[in-house]
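# Structural overview
This is what each chain is made of:
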Amino acid sequence: MSLDLAQALAGHVPGPGPVLTMALLEINNLHVALEDGTEIVKGVDLAVDQNEIHAIMGPNGSGKSTLAYALMGHPAYQITEGEILFGGEDLVPLAADERAQRGLFLAFQYPHAVPGVTVTSFLRSAINAIRKARAGEDDPVPIPQFRKELFAAMDRLKVSRELASRYLNDGFSGGEKKRVEILQMAMLNPKIAVLDETDSGLDIDALRIVARGVKELVGPEMGALVITHYQRILNYVTPDYVHVFIDGRIVEEGGPELAHTLEAEGYERYGKAAA
Ligand code: ADP
Ligand code: MG
């Protein structure tokens, strides 16, 4: 067997181009440090494809959000080693908007309010930015088409039409924020969505909204990486793969049954760092 073929079979051919059995999003030996040099993510390997739901589960402070921000290109998080490949292309040199144009979407744990900008105009700007990048010139979505798609998505995801004309996240309840986030995901049509739902604050209503959105949208065109501290959301959406994340590393992987084991036993079985 040639070296090239051996590398291809191992999924580690450098550079772009079709590769055997390569997932759309491939994270290889990823290390992420804070601006002061503290390493938080300590060598993560993860492959997420369209039509798959992956869950990353881990205790508070294990570095889950750091991983999500690094995937999206947040400038405060430095990738010190490893690679993030999207369709074979290295994402690491790309800015956040360029990653979004490629089809990566990050739903924030704490979405910001944008007073003065309605949900509708925000969504239209976001879509037009992506269209412009893809076309290489201004290519705004025609308003009638946009409105048709927006209302169809709102109806499908059971988002009240009244929200469309309100200012983005301004005075929104937790559930309304989640609804608009999922609406944004539906309208932007990402290939891989990363949802950082960790830690706190999501009531059952909001959990159901997120779970329903993930279930509706994941399919041949979209895969999802759901990041969570609690097992709860996984009662509403069944992941195909569960990755247990402790102290910057994936320490165990399995199917949906692993989420239930974690709910029953907690993270203590993984040692002190998980307590
Ligand atoms: P998780 O999402 O699993 O709770 P985080 O990625 O938010 O974990 O945090 C992991 C560690 O990195 C924590 O100790 C946290 O305080 C630290 N950390 C994350 N982001 C920053 C930041 N921007 N500045 C300083 N410390 C940070
Ligand atoms: Mg977090």
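Placed above this text is the structure.
So, here's what we can say about the structure. Within each chain, residues carry numbers counting from 1 in the order of the written sequence. Here every chain gets a letter starting at A, and every ligand a number starting at 1, in the order they are written. This being a predicted model, a pLDDT of at least 70 is required before a residue's local features are given, and a value of 80 or more before pairs of side-chain atoms are given or counted; all residues contribute to the totals for chains, interfaces and linings.

### Re the site of ligand 1
Contacts to ligand 1 come from 13 residues, most closely from Ser62, Gly63, Lys64, Ser65 and Thr66. Each helix is a run of H or I in the DSSP string that is no shorter than four residues. Each strand is a run of E no shorter than two, and both are numbered from the N terminus. Per-element tally for the shell around ligand 1: the top contributor is helix H2 (residues 64-72), with three residues. Looking at the shell around ligand 1 residue by residue, the class counts come to three nonpolar, eight polar and two charged. In this analysis a residue is considered near a molecule or strand if the C-beta atom, reconstructed from its backbone, is found within 6 Å of that molecule or strand. Residue polarity is assigned by list, with Asp, Glu, Lys and Arg as charged and Ala, Val, Leu, Ile, Met, Phe, Trp, Tyr, Cys and Pro as nonpolar; anything else, Gly included, falls into the polar class.

### A word on unusual backbone geometry
With the exception of glycine, the majority of residues adopt a negative phi angle, and the majority of peptide bonds are in the trans configuration. Of note in this structure, Asn29 is not a glycine but carries a positive phi near 45°. What makes Asn29 exposed here is the crowd of 12 C-beta atoms within 10 Å. One non-glycine residue with positive phi stands out, namely Asp247, at about 45°. Note that Asp247 resides in the loop between strand E11 (241-246) and strand E12 (249-254). The class of Asp247 is partly exposed, set by 18 C-beta atoms lying within 10 Å. Put simply, a residue is buried when 20 or more other C-beta atoms lie within 10 Å of its own C-beta and exposed when 12 or fewer do; between those, it is partly exposed, and each C-beta is set from the backbone.

### Re the pairing of strand E6 (residues 104-107)
Taking every second residue as pointing to the same face, both faces of E6 are buried, with Leu104 and Leu106 on one and Phe105 and Ala107 on the other. For two strands to count as paired, DSSP must find a minimum of two bridges between them. Where E6 meets strand E9 (residues 192-196), four bridges bridge the pair, whose relative direction is parallel. Following the sheet pairing, Leu104 is matched in E9 by Ile192.

### Let's talk about the pairing of strand E3 (residues 53-57)
Buried residues dominate E3, accounting for five of its five residues. Judged by which residues are buried, E3 turns out to be covered on both faces: Ile53, Ala55 and Met57 on one side and His54 and Ile56 on the other are all buried. Where E3 lies against strand E10 (residues 223-228), five bridges are found, and the strand directions are parallel. Bridging across to E10, His54 finds its partner in Leu225.

### Observations regarding the sheet that holds strand E2 (residues 39-48)
In a beta sheet, neighbouring strands pair by backbone hydrogen bonds and run either parallel or antiparallel. Taken together, the four strands give an open sheet; going across it, the order is E2-E1-E4-E5, and neighbouring strands pair in antiparallel fashion. The outermost strands of the open sheet, each flanked by one partner alone, are E2 and strand E5 (89-90). One ladder, built from seven bridges, connects strand E1 (residues 25-33) with strand E4 (residues 78-86); its direction is antiparallel. Bridge assignment links Leu25 to a residue of E4, and that residue is Phe86. In this description, any two residues whose backbone-derived C-beta atoms lie within 7 Å of each other are considered to be in contact. Simply put, an axis is a line fit to the C-alpha atoms, just over the touching stretch for a helix, and the angle between two N-to-C directions goes from 0 to 180 degrees. Across the sheet, H2 lies against E1, E2 and E4, angled at about 65° from E2, the strand it touches most.

### Details of the sheet that holds E6
The strand order across the open sheet built from six strands is E6-E9-E10-E3-E11-E12, with neighbouring strands paired in mixed fashion. Each of the sheet's edge strands pairs with one partner strand only, and the pair in question is E6 and E12. Looking at each pair of strands side by side, their axes are set apart by 20° on average, direction ignored. Packing against the sheet, helix H8 (residues 257-265) makes contact with E3, E11 and E12, and its axis sits at approximately 40° to E11.

### Overview of H2
Burial of H2 is extensive: seven of the nine residues sit out of reach of the surface. Every buried residue of H2 is listed here: Lys64, Thr66, Leu67, Ala68, Tyr69, Ala70 and Leu71. Residue Gly73 follows H2 closely and has a positive phi angle near 90°.

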